Amino acid sequence: MIAGPDHWWGVGILKSMLDELDAATRALLESKLAMREFGAGEQIVSYQAVEQELCFLLEGSARVKIFSETGRVVEYRTLHEGDMFGEVALIDGGARSASVVAETDCRVGRLSREEFWALTIASPDFNRVLLTRLSMLVRTLTERVLEYSIFPGSRRVFRELVRMIDEEGYDGNSAVIDPAPTHQVMADRISFHREAVSRQMSALNRMGLVKKRNGRLNVTDVEALRQLASETDER
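Computed from a predicted model, the values in this text were never measured in an experiment. (Residues numbered from 1 in each chain as written. Predicted model: local features only at pLDDT ≥ 70, side-chain atom pairs only at ≥ 80, totals over all residues. Heavy atoms only, no water.)

A. Inspection of the pattern of salt bridges at higher detail. Counted according to the given criterion, the structure contains 17 salt bridges. The network of salt bridges with shared partners includes Glu143, Arg144, Glu147, Arg159, Glu160, Arg163 and Arg189. (Salt bridge = Lys/Arg side-chain N within 4 Å of Asp/Glu carboxyl O.)

B. Expanded view of the packing of aromatic side chains. Following the criterion strictly, the structure yields 2 aromatic pairs and no others. Ring geometry for Phe116 against Trp117: centres 4.9 Å apart, planes inclined by 70°, an arrangement best described as edge-to-face. For Phe116, a relative accessible area of 1% gives the class buried. For the ring pair Phe116 and Phe126, a centre distance of 5.8 Å and an interplane angle of 75° mean the geometry is edge-to-face. (Phe/Tyr/Trp six-rings, centres within 6.5 Å; stacked < 30°, edge-to-face > 60°. Buried < 20%, exposed > 50% of the residue type's maximum accessible area, 1.4 Å probe, protein only.)

C. A look at the nonpolar core. Counting 24 residues, the largest nonpolar core has Leu161, Ile165, Leu204 and Leu225 as the members making the most contacts within it. Here the element with the most residues in this core is helix α6 (residues 153–168); it accounts for 6 residues. Not counting residues up to four positions away in its chain, the partners in contact with Leu225 are Phe158, Leu161, Val162, Ile165, Leu204 and Val219. (Core = buried A, V, L, I, M, F, W, Y, C linked by side-chain atoms within 4.5 Å. Helix = DSSP H or I, 4+ residues; strand = E, 2+ residues; numbered from the N terminus. Contact = heavy atoms within 4.5 Å.)

D. Expanded view of helix α9 (residues 222–230). Those residues of α9 that sit buried are Val222, Leu225, Arg226, Leu228 and Ala229. For α9, the angular spread of the buried residues around the axis is 160°, confining them to a single face. Considering only its buried residues, α9 is in contact with α6, β9 (175–177), α8 (194–206) and β11 (216–219). Among the residues of α9, the N-terminal cap falls to Asp221, whose side-chain oxygen and the backbone nitrogen of Glu223 are separated by 3.4 Å. (Arc of directions from axis to C-beta. Polar contact = N/O pair within 3.5 Å; in protein donor to acceptor, adjacent residues only side chain to side chain.)

Below you can see the structure in the form of structure tokens.
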């Protein structure tokens, strides 16, 4: 699979940090990890918890989200195998900025704060990848602020689909998002109403751009979807 290209509104796929490390650095890192398994639906880290560990998702997938006091969910993105999380709280010593919940059964490697700082001293390659990763996260947050400011909700649906496609990677001009996101998950990720998301997804289906089959969402024309995502006017 190949990643989708970068575009002015985003950074494309957030490459796995583990895949970006050289072999020696990756072997050193993996030798320091403490392993733990989580079942689907189990919380891996908790919002506002004070924990001094850097985490790597080694198997499975998980979702990054915040639960408000009223029970509302704000979901940011999906983590895939090789992704890193918990770096912000580890670096500044503050509380977790979001919760991470296992979407499937997961295996997580945890790096202690002491081992983390030792690795930053020992490995320039680790620092390079870490800084690149942090820069990409800043770009992603900036992108979302822009979307909330200038794009109507309908367009945010299309843009979130494009973002998911780029995270998954694709060949040619068709893509598969597996599993297909529920309309509620989409609404949570873009701060929109589920019913409105359903209407937009139905419209895409009528246009022949998306088809849901066997629990997967098939996108038949990625570039056409990108064009819709780039427009700022309501249809």
